[in-house]
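Results of the structural survey
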Amino acid sequence: MKPAIDVVNVSKVYRRYARRRQFATLKSALLDGSLLGDLKPDETFQALRNVSFSVPKGCTYGVIGSNGSGKSTLLKCVAGITRPTEGEVKVDGRISALIELGAGFHPEISGRENIFINGIMLGLSKKEVQRRFDEIVEFAEMQDFIDAPVKTYSSGMYMRLGFAVAIHVDPEVLLVDEVLAVGDQGFTHKCLDKFSDFRRRNKSILLVTHSLDLVEKFCDEAHWLDKGMSKGEGDPKRVVAAYVINVEDSEENSLAKAEAARVAASASEVPQAPPPDVDGEKAPENPVDDAEHSRDGFKSTEGRWGTREIEITNVSISGPDGEAGHVFQSGDDVKVHMTMTAKEPITDFVFGLGLFNADGVCVYGTNTNLEEFQPSEIRGECAVTFEIDSLDLVEGTYRLDLAAHKADGYPYDYHRLLYTFRIKSRVRDVGIYRPAHRWTFGGGITFKGEA
Amino acid sequence: MFSSLAKLLRYRALIQTLVVRDLKARYRGSVLGFFWSFFNPALLLFIYTFVFTKVLPSTHPASMEPFALFMFCGILPWTWFSSSLLESSNTLIAGGNLIKKVLFPAEVLPIVTVLANMVHFFLGLPILAAFILYYQRPVDPLELLWLPVIVMVQLILTTGLAFFLSALTVHFRDLKDLLGNLLTLWFFATPIIYSADMAPADMRWWLNINPMTHLMRSYQEVLFFEGSFDHQGWLLALGVGSIVVFLAGYFVFDRLRDSFAEEV
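Residues numbered from 1 in each chain as written. Chains lettered and ligands numbered in written order. Predicted model: local features only at pLDDT ≥ 70, side-chain atom pairs only at ≥ 80, totals over all residues.

1. Notes on the interface of chain B and chain A
Of the residues lining the interface, 23 residues belong to chain B; the matching set on chain A comes to 24 residues. If you list the elements that add at least two residues to the side of chain B that touches chain A, you get α2 (12-26), α5 (96-101) and α12 (232-263) of chain B. Sort the elements by how many residues they give to the side of chain B that touches chain A and α2(B) lands first, with 7 residues. In terms of residue class, the side of chain B that touches chain A is built from 11 nonpolar, 4 polar and 8 charged. (Contact = placed C-beta atoms within 7 Å. Helix = DSSP H or I, 4+ residues; strand = E, 2+ residues; numbered from the N terminus. Nonpolar A, V, L, I, M, F, W, Y, C, P; charged D, E, K, R; others polar.)

Quick look at the structure:
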């Protein structure tokens, strides 16, 4: 059977004009005799590179990729809004593109008239719009406002109406670009129902989205684009998994870079003198930060201070694979490694650690003093490892305080919020801490897909 | 190119809807609404009448009385021409959302602009007719048959130029500003508030190469001057020229079409 969409080796090159070109005028173009020369690009940007795929009839095809990966360009090429620089796009049947909803609405005239105009723009005849009119209005939940000028609509109403018109064009091929965020839960469900309905009637959907859930649940096939290139295609679960791993890697890189910058910046801070608030009677019981501190807004930004009699020279966080990293799965076995150097033998020392979530809430704090280790001596270079068997946190970004200080709080080396890591989770639960748990159900309760 | 030209016919309904939208939206919110389409030319006529009968009474020969009516015969179609060009230079940029986000035939936009202005021109015609009756000017009904031909020639010429301008303005935004001044110059270089006969002999040649001269002359002969219509030759030649302009304009438009979605 002929595929609904056939994309063959499509490349798209956008022209980026140099600064000079932006100030060019017709006059200068004529004077230089370079009218046509100036229309040639000085610099190009390749948005798509040899992308090929085909979508069989009745298939829902998801395209994922990070921002700037060429997803929308691909959709525009398929929609025929821009022409690919190379390659070919074949589409069988009427297309409706949900790229920008209500793009053709005129603000001054009523919703009713706009439905007609928009419908005709999208390729319906006046009679066809007439026939679908009530259905469109009902779908958009706009019965009460349909005769008001569109400029009085809220943005949600605007989008709903645009969506309703576009979907009632009844295309063979529907192109959707991240437009499901148009309404409340109820409306989103209605849209998804409509998509399912489409599928049942053997029509094809090309869906561009950042919602990986949607791709996994809804698509028959998925395609992953990265910097304009195909990175993978096929079973949505597999493609999404590959994509997620890649995203973690790049997050890892950016976190590592940011951390290196922070540590470098704080290392250049003048050591010695502890900040006045820290010493004396104000020194808190638990010198490794506690909730008191963040509530006072005391030093809630990152930094480093202390006399460096004991210096924390190196810090790394490693996951179950033993390799240093910044992105972990919830429940991973995670170790925090510190390398310390004591310039002279010291007998009064405490090591501490504080864990904060992105809101600055202290998730956990402890130190060797609280856990009743009796310090005897530290000398030379040594290693301290803090191991968490199961890091049961919900998804999010977390920061670490690490410190070496005296039992009375006098800081040797205090690293405030200098280390960041991210916890990933397949479960979208909320809060901070995920206690190990299980559900049990008795009686007549059953769930779909459960054995 | 001819295949896309043929597609234009398919967009009839779209063009029609958009012209209606344009007209509806234009006066939406004003108290008099559609009546402005009548009032505007009527007010314009009053102004010209005042200036050329009270302020500058002796600028024209007696054969051209009533002078206001004479000017009106030219100003009405000129307004159609100049507004169309001014608006079409901006039409692709204003409609950028459509071109970028919807599968939308861009050539519809300049066509709609020209047609919407043509409707305004038509709405001015009853005013013109009323004044012709008021001054009891003799109009030969047979000559009136030429009127649709003249309008047709102007439509083709204007649309062709609108294609050029709308496509080029996407790349050279300064055309918009240039055009306003150019049209003012063009207005005075065209026999509208004077007759071609009043121009010095050595200027006639210049007037003759101005296509608008022949359009205006045709309107004036049919609607104002007595005697038979004898400008057919020029008019038909201009008709052929207009078709050439139309095709050339569409050719340029078609060539630049792919750049619109990226440039607007």
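2. Regarding the packing of helix α4 (residues 67-94) of chain B against helix α9 (residues 175-188) of chain B
All names here are of chain B. Look at α4 against α9: their axes get within 9 Å of each other, and the N-to-C directions meet at 170°. Classified by the interaxial angle, the pair formed by α4 and α9 is roughly antiparallel. In this structure, α4 contributes W78, S82, L85, L86, S89 and N90 to the contact, and α9 contributes L175, K176, L179, G180, L183 and F187. Grouping the constituent residues of the contact of α4 with α9 by class yields 7 nonpolar, 4 polar and 1 charged. (Axes fitted to C-alpha atoms, helices over the stretch in contact; angles between N-to-C directions. Parallel < 35°, antiparallel > 145°, perpendicular 65-115°, else oblique.)

3. Some remarks on the environment of S37(B)
Residues and elements named next belong to chain B. Along the polypeptide, S37 turns up in helix α3 (residues 36-55). Given 21 C-beta atoms within a 10 Å radius, S37 is considered buried. Aside from chain neighbours lying at most four places away, what touches S37 is H120 and L123. (Buried ≥ 20, exposed ≤ 12 C-beta atoms within 10 Å, placed from the backbone.)

4. Observations concerning the sheet that holds strand β7 (residues 204-208) of chain A
Residue and element names in this part refer to chain A. Strand order in the open sheet made by the 6 strands is β5-β6-β7-β3-β8-β9, with mixed pairing throughout. Because the sheet does not close on itself, it has two edges, and the strands there are β5 (95-98) and β9 (229-234). Here the strands of the sheet are splayed against their neighbours by 15° on average, with no regard to which way each runs. Examined bridge by bridge, strand β3 (residues 60-64) and strand β8 (residues 221-226) share 4 bridges and lie parallel to one another. Within the sheet, the bridge partner assigned to I64 lies in β8 and is W224. (Pairing = 2+ DSSP bridges.)

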